[in-house]
Amino acid sequence: MTAGGGDGCTEPAGLTQAQFRRRFHYRPPQRDKGGPERLWRSCRPDTACVSRCLRRRLPILAWLPAYRYHDDLFGDVIAGTTVAIMHIPQGMAYALLAGIPAIHGLYMAFFQCLVYAVMGTSRHLSVGTFAVTCIMTGKVVVEYSGPAAARTGAVYDPVLVATTVTLAVGIIQLVLFSVRLTALAVVLSEMLVQGFTTGAAVHVLLSQVPSLLGLERPLFSGPGRLLKLTGAIIQKLATANTASIVISATTIVILVLNNELVKPRLAKWTRVPFPIELLVVLVGTLGSYLGDLSGRYEVQVIGNVTTGLPQPSSPSLVLLPRVLLDSAVIAVVTYSAGLSMAQLLATKHGYTVDASQEMLAQGVGNLFSAWFLCAPMAASLSRSLIVDGTGGRTQASGIITALLLLAVLLWLGPLFSLLPKCVLSAVIVVSLKGLLSQLVGLPALWRSSRADALVWTGTLLAVVLIDIAAGLAVGVLLSLGVLLWRLQRPPAELLGRLPGSQYYVSLERYQAAEPVPEVCVFRFGGALHFCNVDYFRRRLATLTGLERARLSPTERHVTSEHNWCRPASGSRQDTEDRDAIIAEEGGEGSIQLKFSWLVLDMSRVSFTDSTSTRALLATVRDYQELGVHCCLAGCTDAVLDMLHSCRSPLEEKQMYPTVQDAVSSIFTSETGQGNASEHCIER
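Quick notes on the rules
Residues numbered from 1 in each chain as written. Predicted model: local features only at pLDDT ≥ 70, side-chain atom pairs only at ≥ 80, totals over all residues. Heavy atoms only, no water. Helix = DSSP H or I, 4+ residues; strand = E, 2+ residues; numbered from the N terminus. Buried < 20%, exposed > 50% of the residue type's maximum accessible area, 1.4 Å probe, protein only. Areas by Shrake-Rupley, 256 points an atom, 1.4 Å probe, with all protein chains shown as cover. Pairing = 2+ DSSP bridges. Contact = heavy atoms within 4.5 Å. Axes fitted to C-alpha atoms, helices over the stretch in contact; angles between N-to-C directions. Core = buried A, V, L, I, M, F, W, Y, C linked by side-chain atoms within 4.5 Å. Right-handed = clockwise from strand over helix to strand, strands pointing away. Salt bridge = Lys/Arg side-chain N within 4 Å of Asp/Glu carboxyl O. Parallel < 35°, antiparallel > 145°, perpendicular 65-115°, else oblique. Left-handed = near helix turned anticlockwise from the far one by under 90°. Phe/Tyr/Trp six-rings, centres within 6.5 Å; stacked < 30°, edge-to-face > 60°. Patch = residues over 30% accessible without salt bridge, like charges linked within 9 Å, V, L, I, M, F, W, Y side chains within 5 Å. Nonpolar A, V, L, I, M, F, W, Y, C, P; charged D, E, K, R; others polar. Polar contact = N/O pair within 3.5 Å; in protein donor to acceptor, adjacent residues only side chain to side chain. Expected span 1.5 Å × (residues − 1).

**Q** What exactly am I supposed to notice about the overall build of the chain here?
**A** Looking only at helices and strands, the chain has 30 helices and 11 strands in total. Across the 683 residues that make up the chain, the buried fraction comes to 50%. For the chain, the computed accessible surface area is about 32700 Å², with 62% contributed by carbon and sulfur atoms.

**Q** Would you explain the sheet that holds strand β4 (residues 504–506) in this entry?
**A** Neighbouring strands of a sheet are bound in pairs by backbone hydrogen bonds; such pairs are parallel or else antiparallel. Strand order in this open sheet of six strands is β4-β3-β5-β8-β9-β10, and the pairing throughout is mixed. Strands with a single pairing partner mark the edges of an open sheet, and in this sheet they are β4 and β10 (655–656). With two bridges connecting them, strand β9 (residues 629–633) and β10 associate as parallel partners. Paired with L632 across the strands is M655, a residue of β10. Sitting on the sheet, helix α24 (residues 533–544) touches β3 (492–497), β5 (518–524) and β8 (595–601), and the angle it makes with β5 is about 150°.

**Q** What's the story with the nonpolar core in this structure? I'm lost.
**A** Side chains of a nonpolar character, in soluble globular proteins, are inclined to be buried together. Counting residues in hydrophobic clusters, the biggest one holds 118 residues, and the most contacted among them are M92, L97, M136 and F196. Other than its neighbours up to four places away in sequence, M92 contacts H87, A102, L106, V281, I302, F416, L419 and L424. A492, V620, L643 and M655 belong to the second largest nonpolar core, which has 28 residues in total.

**Q** Looking at this model, I keep getting lost on the pairing of β8. Mind explaining?
**A** Remember that side chains alternate between the two faces of the sheet whenever the strand is regular. When you tally the buried positions in β8, you get seven out of seven residues, the bulk of the element. Of the pairings in the sheet, the one linking β5 to β8 comprises six bridges and is parallel in character. Along β8, the bridge assignment pairs R523 with D601. Alignment of β8 against β9, held across five bridges, turns out to be parallel. Bridge assignment links L600 to a residue of β9, and that residue is L632. In terms of handedness, the path from β8 via helix α28 (residues 610–625) over to β9 forms a crossover that is right-handed.

**Q** Teacher, can you tell me more about the pattern of salt bridges here?
**A** For side chains bearing opposite charge, pairing can occur when the charged atoms are close. Evaluation of the coordinates by the stated rule reveals 13 salt bridges. Residue E260 is joined to K433 by a salt bridge in which the shortest nitrogen-to-oxygen separation is 2.4 Å. Taken as a pair, E260 in helix α12 (residues 242–266) and K433 in helix α20 (residues 433–436) lie far apart in primary sequence, 173 residues in all. Since its relative accessible area comes to 39%, E260 is described here as partly exposed.

**Q** Which parts of the structure should I look at to understand the packing of helix α13 (residues 276–291) against helix α19 (residues 421–431)?
**A** The N-to-C vectors of α13 and α19 enclose an angle of 165°; their axes lie 9 Å apart at closest approach. By the angle class used here, α13 and α19 are roughly antiparallel. In the packing of α13 onto α19, the handedness of the crossing is right-handed. Of α19, the residues touching α13 (which contributes E277, V280 and V281) are V423, L424 and V427.

**Q** How should the pairing of β9 be read in this particular structure?
**A** A large share of β9 lies buried, amounting to four of its five residues. Remark: the β9/helix α29 (residues 637–645)/β10 crossover connection has right-handed handedness.

**Q** Just to check I follow, could you spell out unusual backbone geometry for this structure?
**A** Glycine aside, negative phi is the norm for most residues, and most peptide bonds take the trans geometry. Residues other than glycine seldom take positive phi values, yet E298 does so here, at roughly 55°. Residue position: E298 is located in the loop between α14 (293–297) and α15 (324–349). Positive phi values are uncommon outside glycine, yet E518 reaches one of about 65°. Positionally, E518 belongs in strand β5. Owing to a relative accessible area of 18%, E518 belongs among the buried residues under this scheme.

**Q** Teacher, can you tell me more about the environment of I666 here?
**A** Locating I666 in the fold gives a position in helix α30 (residues 659–670). A C-alpha to C-alpha distance of 9.9 Å links I666 and E518, two positions 148 residues apart in sequence.

**Q** What should I look at first to understand the packing of aromatic side chains in this one?
**A** Aromatic ring pairs are described here by two measures, namely the spacing of the ring centres and the angle between the planes. The tally for this structure, following the rule as stated, stands at 10 aromatic pairs. For the pair F110 and F111, a centre-to-centre distance of 4.9 Å together with 70° between the ring planes defines the contact as edge-to-face. Across the pair, exposure class does not vary: F110 and F111 are buried alike. Geometrically, the ring pair formed by F524 and Y535 is tilted, given 6.3 Å between the ring centres and 50° between the ring planes. Placement of F524 in strand β5 and of Y535 in helix α24 is noted, with a sequence separation of 11 residues between them. Both residues of the pair, F524 and Y535, belong to the buried class. An aromatic cluster is built from F110, F111, F368 and F372, whose rings are joined through pairwise contacts.

**Q** Mind showing me how you'd approach a nonpolar patch on the surface here?
**A** The grouping of L309, L410, W411, L412 and L415 at the surface amounts to a nonpolar patch, some 510 Å² of accessible area in total. If you trace the backbone, L410 turns up in helix α18 (residues 396–412). Judged by relative accessible area, which is 34%, L410 ranks as partly exposed.

**Q** Just to check I follow, could you spell out the side chain of T82 for this structure?
**A** As for its placement among the helices and strands, T82 is situated in helix α5 (residues 69–97). Setting aside its immediate chain neighbours within four residues, T82 contacts V272, P273, I386 and T390.

**Q** What is the right way to read the packing of helix α10 (residues 190–213) against helix α11 (residues 225–235) from this model?
**A** Relative placement of two packed helices is described by the angle separating their axes and the distance separating the axes. Their axes nearest at 10 Å, the elements α10 and α11 cross at an angle of 20°. Classified by the angle their axes make, α10 and α11 are roughly parallel. Seen from above, α10 lies across α11 with left-handed handedness. Together, V202, H203, L206, S207, V209, P210 and L213 of α10 and R225, L226, L229, T230 and I233 of α11 make up the contact between the two elements. Of the residues that constitute the contact of α10 with α11, the class distribution is eight nonpolar, three polar and one charged.

**Q** Looking at this structure, I do not really get the side chain of T544. What am I missing?
**A** If you trace the backbone, T544 turns up in helix α24. Within the local environment of T544, its side chain forms a polar contact with the side chain of Y623, the two groups lying 2.7 Å apart.

**Q** How should helix α16 (residues 355–369) be read in this particular structure?
**A** Helical geometry: 3.6 residues make up each α-helical turn, so side chains three or four residues apart lie on a common side. The end-to-end C-alpha distance of α16 is 21 Å, a good match for the 21 Å that 15 residues give at a rise of 1.5 Å each. Of all 15 residues in α16, 11 are buried, a share of seventy percent or more. When α16 is considered as a whole, its buried residues turn out to be S356, Q357, E358, M359, L360, A361, Q362, G363, G365, N366 and S369. Of the surrounding elements, those touching the buried residues of α16 are α3 (47–57), α6 (103–119), α9 (158–178) and α15.

Nothing here speaks to function; it is geometry throughout.
Structural data, given as structure tokens:
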């Protein structure tokens, strides 16, 4: 007997799995000696161990002694100064999103930047205010300090609600750190995050429309909040303030022209961006003072801005349990977004960030800043890119930012008391371009992966139509559903050999591939577990002809016609060609299988569980009872270990390291014995 491929050459004998391990000196992995000894080694007092622990948990002890003033200081000063300038308008604007006075945005920038410089591992991450986090916090603030809270009889101060949320976020993040659940963020896929942030951007955009029009901002909470807000704005359009509209439109035009025309040209000459946001804030404040916009035209202004640092104030422990659910969502979102940005910048510059330490840094930052009237801490994408673009080298840029903001808090705060709110709203709206522009990529995403597009669109619609927290929950469920669906239906196909080679490829995809005579090679393209083991057995029965063999001729004809109509199954001619390879019509309506060996290519099966392993062994027994010899090829060590744990009855000659070894051994064993007899299965 000769091998498939038509070359007429007798195959050399292949290696079994056991022979392969013996020849190449396989050594099983060493098992851990146990928990008590490992615990003693980790807790044993040691000066070097304590030093490593301190440097890991307080990264400033590692980077500050090694700081290179000649190489790093200039870039850190430029980056820290630039980001401090950006913090002033963004901090005040985003604080209003959270439903608290504008000055609290500067408190956040100061305290949280300091904490992250001490405990953070990213050299370029800028923390403080972030639009998505602030709008999520604002939703909780409205719920417990707005009209809805008044109806229940328990109304809290907005700042107290925000600081309580910050405390809850810090506690949750520290708990996640202590129980090593930092990997929880992996459930937030990229498609989910994009849909979620786009939906949150829609919330931010509509929440700023009242300020842009000079209207009092309606306060709503609960499901459908955005729809209620839209209806209230439409009803009040007739009372819009003309001066506010003119100021808003002028500010937006200036910001857009700068971003689209000036900034790209300026970037060719210098890495330091023009501080247009700070400029419009200063001009707006000056214009409000000279023109008395608040008194003469009823333009809404920020109002009283205090100087100095805030006195420590305790969050509400009574309110704490009631905000835990919303705080948990904020904790996961802020950590995931911050870690993703930190890893992106770390990869660009060739260093690493510690995921668990990032969780600790955010948790401590929130826990500490909650006592100083701050909303939850988050990383800003735009400011982090500015740190990178202006040459920031270390966490020292965050310390420089905090020191400059301290000067603003101590001496310059009252200058912004006459700043029109519509100017800050315009700054926020223009900054949303990056988030809203993610909508442009949806058609391309739909063409490449409809499942990913479903997660993206479903999350967006849930965030917009229901609520932010509910939208995140819907997105997580959709992501897990898509993942489960993909795990349940990995690719499964019959393989043939390319002539003159040892490559085995899909018979359906490669027309040059030829089936091996009397050998059926089946490959399963994913992990095998309890969720997809039934699919594995059904797919194997279908492709090897057993499913058709168990049907009557009439049923077989109807099923084949149905399969021909499905695009995923290929053309009618393809189906007939495949059936001709594995089976043929016998007497009295029976199906005769044209193979006597079944090779299961397990090279793409990363692992199996006990349920699927027992089902795999049962499938092998079923085929052997029908007279078909079975063997496994390419099993990973994890699969082999599970087979051993389940007391596999498979013999050495049924286990091979590759498909080629299996086929070679089959032809070697069959040489001189004639063609294998065909096997018949009666209805």
